[in-house]
Amino acid sequence: DNEVVLYGQVNLGLNITTAGTDQLKVSNISSRIGFKGQEDLGGGMKAFFKVETGIGPDSAPASSFGSREAWVGLKGDFGSVGLGRGKTPYTLATEELDPFYFNESLGLTNTSMSNYRANNSIRYDGEFGPVSVAVNNSFGEDKTAGKNASNEISASVKFSGQGFAVFGAVNSNKPGGAKANDAYLVGASANIGDLNLGGAVQHTDDAAGKNDDVLLLVGYTMGNASVQLGGIVYDEDRKTKDQVTAGFYYSLSKRTTILTEYTSNYVGVKNDNSFIVGLAHSF
Amino acid sequence: DNEVVLYGQVNLGLNITTAGTDQLKVSNISSRIGFKGQEDLGGGMKAFFKVETGIGPDSAPASSFGSREAWVGLKGDFGSVGLGRGKTPYTLATEELDPFYFNESLGLTNTSMSNYRANNSIRYDGEFGPVSVAVNNSFGEDKTAGKNASNEISASVKFSGQGFAVFGAVNSNKPGGAKANDAYLVGASANIGDLNLGGAVQHTDDAAGKNDDVLLLVGYTMGNASVQLGGIVYDEDRKTKDQVTAGFYYSLSKRTTILTEYTSNYVGVKNDNSFIVGLAHSF
Amino acid sequence: DNEVVLYGQVNLGLNITTAGTDQLKVSNISSRIGFKGQEDLGGGMKAFFKVETGIGPDSAPASSFGSREAWVGLKGDFGSVGLGRGKTPYTLATEELDPFYFNESLGLTNTSMSNYRANNSIRYDGEFGPVSVAVNNSFGEDKTAGKNASNEISASVKFSGQGFAVFGAVNSNKPGGAKANDAYLVGASANIGDLNLGGAVQHTDDAAGKNDDVLLLVGYTMGNASVQLGGIVYDEDRKTKDQVTAGFYYSLSKRTTILTEYTSNYVGVKNDNSFIVGLAHSF
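Residues numbered from 1 in each chain as written. Chains lettered and ligands numbered in written order. Predicted model: local features only at pLDDT ≥ 70, side-chain atom pairs only at ≥ 80, totals over all residues. Heavy atoms only, no water.

K.L.:
How do you make sense of the nonpolar core when you look at a structure like this?
P.N.:
Soluble, globular proteins show a tendency: their nonpolar side chains are buried together. Ranked by size, the top nonpolar core spans 52 residues in total, and within it A:F35, A:F65, B:I33, B:F35, B:F65 and C:F65 carry the most contacts. Discounting chain neighbours no more than four positions away, the residues touching B:F35 are A:F35, B:V5, B:L6, B:Y7, B:F49, B:K50, B:V51, B:F65, C:L6, C:I33 and C:F35. (Core = buried A, V, L, I, M, F, W, Y, C linked by side-chain atoms within 4.5 Å. Buried < 20%, exposed > 50% of the residue type's maximum accessible area, 1.4 Å probe, protein only. Contact = heavy atoms within 4.5 Å.)

Right, dumping it as C-alpha cells:
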C-alpha cells in the first residue's frame, strides 16, 4: 500500500487523414508515463501523489513532467483533497460518454470554452453512497495592478445506479477582467446486457453566444470485441462542426488492445475524415 | 544494494503573496523526481549514479531531465569522486541553516554571486573521522579564441561534534576574462534538547563590492510539531534586502508533512510578504 | 515476464578537445533513461513497449521523453512489428562496427544523408535461422497541397556464423518533392580468439554526389581490458573528413567501465582532436 507505482500507456496508430491534405501518418494516441503512490497515515487517512506525463513516442516532442496530471493530497472518510493540475470535473463528465482512444474527447469540451486540464488547482472529491461529487478551482495567477486574476471553477455530480448513471457538470472559466464563459452539461449512461447507451446535452453561454449541443452514444461488446458509435449535433447557430465517430476494438489481453477508429468532422465547408488502426498497450 | 531506486517529493501549497501584486496562488515547493542507485564493485568500491529532475506539478513547465542533480561516480574508503551537475559545496553549506521548504535557501546564496547548482562538474567528497570535506570544480566550456573559459570552484569543510557542528565554505565564480566573484562563509549549528540554534556570517567580494551578511536561526521541536524562525541581515552598504522567515511544521508521518511558512523580504522600498500552507510528500 | 523495467546509462567523461578552441570539458557520453516491458499474450505472442530518453547529466538541457527510442508493438514466431521512433536498420548496421562510446557512430551515418533515428516509423524485425532482417519506413507527415510527403525507408540483412557475421544495409531518404538520398553498406566482422576484426564499405548517391567510404576496425580483449582501433577513409572526391578513433576500456564490473578514447577528424584544413577519460555506468 505504500509503494510507488510506475504506470503508463504507449498507444500508436497508422492514421489516414484528410485534415489539411490527405496524409498517411503514424499518430500518437494519448501516450503517457506516470508515477503514483499513496501512504497510509493511520486512522483511515492516506496521503497520495500522482505525476503523469504525456509523451509523443512517434516524434518525441519536448516534454513537461506532469503535463497530464500532477497531484498531492490527503484522503479519508471525508473524501479527497488535492493540490495540483489535471482534468477538471467538467472534462471528466464529458469523458463518461467518450470511449474513443484517438480523440480524447468526443468534442463537448472543444466547444465549451473550458480548459481540458486546469493548472494551479485545489480539488475536492467525495462519495456519498451512490452519489459522487467533485469540485475544482483553478487560480489564474495572472493578476496585475489593474486587472483581477483569471479563475476557473468546475464541479460535477454523479448518481450511479444498477447498470445506469446520471450526471451533471458546470464549468465557469473567467478570464481576468472579462465575462465568464459558462458551460452546463447533463447526461446519462446505461448498460443493458452487452449494449451500452449514453446521451448528453450541453448548454454554453460564452463569448460565442448561447448554444446547445447534443451527444449520443451506442455500443455493443461481444467477448473481446467491442464496437462503439457516437455523434454530436452542434447548435444550428454555430454551424461549424458536427461529428461522427465509430470505433472497433479487439482486446488481446487486459492490457493490450487493437483499435480501429473513424472520425468525420463537419468544419463549415467540408468534412475532415480520419481513420486509424492502432495498438494500445498499458503497463 | 544493486537496486535502482525511484524517489521524489511532491510538495504544493496555497500561497498568498504580495510580490508584484497581491495574489492567491498554488505554488510548487521544490517538487522533484529522481532515480538513483549504486553497484558494489568489490574491495570496498562502489559505483553510483543519480538523476534528479525538478518538476512543477502546479503548471507543468518544460522540464530538463537531471535539472536538479545528475551524477555518476566511484566511492570507496578514499571518499567519493563524481562527474555531473548539482548543488555546490557552498550551496550545501548555506543549507545547513535552512530548514525551510518554500525558499530553497534562506538567502545567503542569493547575494553571493555563486551558482546554486553547477554544471559540468567534477567533485570530491571525503570523511575523515568527524571532519567532512567537499570540493567541486565546474568547467565553463565557453572558451573562445580571445577569452578564457569561465570556471567556478567551491569547497567546504565541516566538523560534526556531539550535538553541534561548525563549518566553513568558499566559492570562487570566475566569468571568462573577468574578475572572480568570491564568497566566504563560516557557520555553526547546535541541538540542545528540543531546541536547535544556528548562525553564519558570509563575506562576499564580487562585482557588487565587499559585503558581510549575518544569518541567525532558532527552532523548537515538540513531538510531531516543529517551529523554525530565521533571519538575515544584509550588509548596510547593499541596503536592498533583509529577510525574516518563520515556519510551522506538523508531520503526519515520516514521509508527509503539513507546512506553513511566512517570509518577509525587504526589497529597497517595501516588504514582499509571502504566506503558504502546503503539503509535502516524499516517496 | 510482465514486468516494467527501468534501465539506463549515466556516462560522463573529462574531455580535452581542439574542436573550435582547445578546451577541457565534462562531456556527456550518450546517457539515457528508459522504461521497457513486455506482456505475454499467449500462443507465442507478446506485446512490447520501450520509451528511452536521452539525458545530459552534465548540464541538463531540455529533454523530450522518448528522444532516443520509443516503440509499441507485437512479436511472435513471425518476428516483431513496431510503431514508433528510433535508430534505423541502416544506423544499427553501421553500429555493428562501432564499439566506441563517445562518438555514437564511427562516422558512416554522418556522411550518408540518412537520419540517425527516424520518427513516425513502422518497423519489422525477423529472424530466419542465422539470418536476421529489419525494415523500417518513416512517414514524413509534411505533405502540402503541391508537394508529396517526405519518406525514408531503411533495411538491413545480417548473416551470423560461428564467430563471424556479414551484413548489408540500404537507406533511401527522400525529401518531399526532391531526389532521394541513397546509401548502401556491406560489412563483415569476426572474432578470432581475443581479437576482433571488422570492415565495411559504404556507397552513397545523394545531393553531394556519388562517394565510397571505407571503414576498418581492429580490437583486442584481455580479461577486463579491451583496446579498439578504428578508421574511416572517405572518398577522395569529398576531401572533407577522415577519422581515426582509438579506445581503451577497463571493466570494473559488467555494469561499470572506465573508458579512454581518442578521436582525430580531418576536417578539410586541420585535424580536430578529442581525448576523453570517463566512467560509463549502466543500470
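K.L.:
Before we go on, may I ask you to explain the interface of chain A and chain C in this structure?
P.N.:
A common way to express how large an interface is: the accessible area buried when the components associate. Taken together, the 30 residues of chain A in the interface contact 32 residues of chain C. Summing the contributions of chain A and of chain C, the shared interface buries around 2700 Å²; its carbon and sulfur component is 71%. Considering only the side of chain A, the residues that lose the most area to chain C are A:V26, A:R255 and A:L279, jointly responsible for 16% of the buried surface there. Put simply, chain A and chain C have zero salt bridges between them. Elements with a contribution of two residues or more to the side of chain A that touches chain C: strand 1 (4-17), strand 2 (23-28), strand 3 (32-42) and strand 17 (271-282) of chain A. It is strand 1 of chain A that provides the largest number of residues to the side of chain A that touches chain C, a total of five residues. Of the residues belonging to the side of chain A that touches chain C, the class tally is 17 nonpolar, nine polar and four charged. (Buried area = accessible area lost by both parts, 1.4 Å probe. Salt bridge = Lys/Arg side-chain N within 4 Å of Asp/Glu carboxyl O. Helix = DSSP H or I, 4+ residues; strand = E, 2+ residues; numbered from the N terminus. Nonpolar A, V, L, I, M, F, W, Y, C, P; charged D, E, K, R; others polar.)

K.L.:
When you look at the relation of the copies chain A and chain C in this model, what are you seeing that I'm missing?
P.N.:
Comparison of the two chain copies shows a relationship of rotation about an axis with a shift along it. When chain A is brought onto chain C, the operation consists of a screw motion whose angular component is 120° and whose axial shift is 0.0 Å, with 0.0 Å RMSD remaining. Within this description, the copies of the chain are treated as partners about a three-fold rotation axis. Judged by C-alpha distance, A:S63 is the residue of chain A that lies nearest the rotation axis, at 3.8 Å. (Least-squares fit on C-alpha atoms with pLDDT ≥ 70 in both.)

K.L.:
I would appreciate a short explanation of the packing of aromatic side chains in the present structure.
P.N.:
Aromatic rings in a pair are described by how distant their centres are and how their planes are angled relative to each other. Following the criterion strictly, the structure yields 15 aromatic pairs over all chains and no others. Centre to centre, the rings of B:F65 and C:F65 are 5.7 Å apart; their planes meet at 70°, and the pair counts as edge-to-face. Residue B:F65 is found in the loop between strand 4 (45-54) and strand 5 (69-76), and its partner C:F65 is found in the loop between strand 4 (45-54) and strand 5 (69-76); the two belong to separate chains. The residues B:F65 and C:F65 share a single accessibility class, namely buried. These aromatic residues form a ring-pair network of at least three members: A:F35, B:F35 and C:F35. Of note, B:K36 hangs over the ring of B:Y7, and the distance from its end group to the ring centre comes to 4.6 Å. (Phe/Tyr/Trp six-rings, centres within 6.5 Å; stacked < 30°, edge-to-face > 60°. Lys NZ or Arg CZ within 6 Å of the ring centre and 35° of its normal.)

K.L.:
How should the interface of chain A and chain B be read in this particular structure?
P.N.:
At the interface, 32 residues of chain A touch 30 residues of chain B. Carbon and sulfur atoms supply 70% of the area buried between chain A and chain B, which totals about 2700 Å² over both sides. Where chain A meets chain B, there are zero salt bridges. The interface formed by chain A and chain B contains nine residue pairs in polar contact (both at pLDDT 80 or more). For the side of chain A that touches chain B, the secondary-structure elements that each account for two or more residues are strand 3, strand 4 (45-54), strand 5 (69-76), strand 6 (79-87) and strand 7 (117-128) of chain A. No other element matches the five residues that strand 5 of chain A contributes to the side of chain A that touches chain B. Residue classes in the side of chain A that touches chain B are distributed as 15 nonpolar, twelve polar and five charged. (Polar contact = N/O pair within 3.5 Å; in protein donor to acceptor, adjacent residues only side chain to side chain.)

K.L.:
How do you make sense of the environment of B:R85 when you look at a structure like this?
P.N.:
Residues and elements named next belong to chain B. Summarising the element assignment, R85 is placed in strand 6 (residues 79-87). Accessibility expressed as a relative area gives 12% for R85, which makes it buried. Along the backbone, R85 and R123 are 38 residues apart, and their C-alpha atoms lie at a distance of 9.2 Å.

K.L.:
I would appreciate a short explanation of the layout of surface pockets in the present structure.
P.N.:
It is the rolling of a water-molecule-sized probe over the atoms that shows where space remains empty. All names here are of chain C. Taken as a whole, the largest pocket encloses approximately 1000 Å³ of empty space. The wall of the largest pocket is formed by 47 residues, among which K50, E69, K87, L92 and R123 lie closest to the centre. Of the residues forming the lining of the largest pocket, the biggest block, five residues, is contributed by strand 7 (residues 117-128). Across the lining of the largest pocket, the residue classes tally to 16 nonpolar, twelve polar and 19 charged. (1 Å grid on protein atoms, 1.4 Å probe; cavity = no way out; pocket = protein on both sides within 12 Å on 5 of 7 lines; lining within 4 Å. Points joined across faces, edges and corners; volume = space filled by probe spheres on them.)

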